[in-house]
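What follows is the residue order along each chain.
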Amino acid sequence: MKIVVLVKYVPEPSAAWKFAPDLTLDRAAVEGRLSELDEYAVEQAVRLVESGTDATITYLTVGPARAVDGLRKALAIGGTDAVHVVDDAIHGSCAIATSRVLAAALAKTGYDLILTGMASTDAEMSVMPAMLAERLGINQATFAGDLQVAGDEVTIRRETDIETLTASTKLPAIVSVTDQTPEARYPAFKAIMGAKKKPVTTMTLADLGVDAASVGAGAATTQVLSLEPAPARAAGTIVTDDGTGAEQITAFLGARGLV
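The model shown is predicted, which means the values in this text are computed figures rather than measured ones. (Residues numbered from 1 in each chain as written. Predicted model: local features only at pLDDT ≥ 70, side-chain atom pairs only at ≥ 80, totals over all residues. Heavy atoms only, no water.)

> I'd like a description of the pairing of strand β1 (residues 2-6), backed by residues and values.
β1 sits mainly inside the fold: four of its five residues count as buried. Sheet analysis places β1 next to strand β4 (residues 56-62), joined by five bridges and oriented parallel. Bridge pairing links L6 to L60 in β4. Note: β1 against strand β6 (residues 113-117), three bridges, orientation parallel. Bridged to V5 within β6 is L115. (Buried < 20%, exposed > 50% of the residue type's maximum accessible area, 1.4 Å probe, protein only. Helix = DSSP H or I, 4+ residues; strand = E, 2+ residues; numbered from the N terminus. Pairing = 2+ DSSP bridges.)

> Could you give me a rundown of the sheet that holds strand β8 (residues 146-150), with the residues and numbers involved?
In space, the three strands of this open sheet follow the order β8-β9-β10, with antiparallel pairing throughout. The outermost strands of the open sheet, each flanked by one partner alone, are β8 and β10 (164-170). Pairs of neighbouring strands in the sheet enclose a mean axial angle of 15°, with direction left out of account. For strand β9 (residues 153-159) and β10, the ladder comprises seven bridges, and the chain directions are antiparallel. Bridge pairing in β10 links V154 to T169. (Axes fitted to C-alpha atoms, helices over the stretch in contact; angles between N-to-C directions.)

> Please set out a nonpolar patch on the surface residue by residue, giving values where relevant.
Taken together, the side chains of W17, F19, V224 and L227 present a nonpolar region at the surface, about 360 Å² in accessible area. By secondary structure assignment, the location of L227 is in the loop between α6 (205-208) and α7 (245-255). Relative accessible area serves as the criterion here: at 42%, L227 is assigned to the partly exposed category. (Patch = residues over 30% accessible without salt bridge, like charges linked within 9 Å, V, L, I, M, F, W, Y side chains within 5 Å. Areas by Shrake-Rupley, 256 points an atom, 1.4 Å probe, with all protein chains shown as cover. Salt bridge = Lys/Arg side-chain N within 4 Å of Asp/Glu carboxyl O.)

> Could you give me a rundown of the nonpolar core, with the residues and numbers involved?
In globular proteins that are soluble, nonpolar side chains generally tend to be buried together. In this structure, I3, V5, Y59, L113, L115, L147 and V175 are the most contacted members of the largest nonpolar core, which totals 34 residues. With seven residues, helix α1 (residues 36-50) is the largest single contributor of residues to this core. Apart from the residues lying within four places of it in its own chain, the contact partners of L113 are K2, I3, V4, L48, V149, L171, A173 and V175. Ranked by size, the runner-up nonpolar core spans 28 residues in total, among them I90, L136, L208 and V215. (Core = buried A, V, L, I, M, F, W, Y, C linked by side-chain atoms within 4.5 Å. Contact = heavy atoms within 4.5 Å.)

Right, here's the structure in full:
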């Protein structure tokens, strides 16, 4: 079996994000990391192999040159190899265009089971699994809190606010996993060093047969019209209890419709 895990190199939440003149995120100029939510998918892939599933694990990412750091982090946790799609023409792509690139890359790599995180920590759209399932014509099972593979079938458990659902589907399939699954292990130094020797294949749009005009900011179905820094945090309200503390707090909450 071939497991392909989709991972994304995202800006550090605490970093100062930089934007290009066209208001797209300048990913090459921002400190980044492997998306924390994708680490859950990486861990689940490794656990499947450790539990006896006969499979190889390939990581796939689309991003700037520095995105290879995210692949190396995933490979340190476990896995066989990685594929990095990097092309200047991809910059500014919307989710639809990104799914076009990923689908072409998956067609090249081959797959039986595709794993993703529940969302990216930058865009937080949670649409990529459904888009890829449609493009590839395969089954999907989303927001898995647990998954098991037996033969040609994958079974997931999905937790909702009111019930626990169990669903199964035939492979090939794409499955997104949530942060209800176990957190990714911290790789040992030996694993980190070993990850540097694992093969990472670089691909361009030309390698994938994707028309550059169909991706990038010019082909995006969404556009950022304006942006501005978040306002500075204002000082909080300090309640001095002079015997009327309860009344002051009640009035404060009442003015905001909270009581």
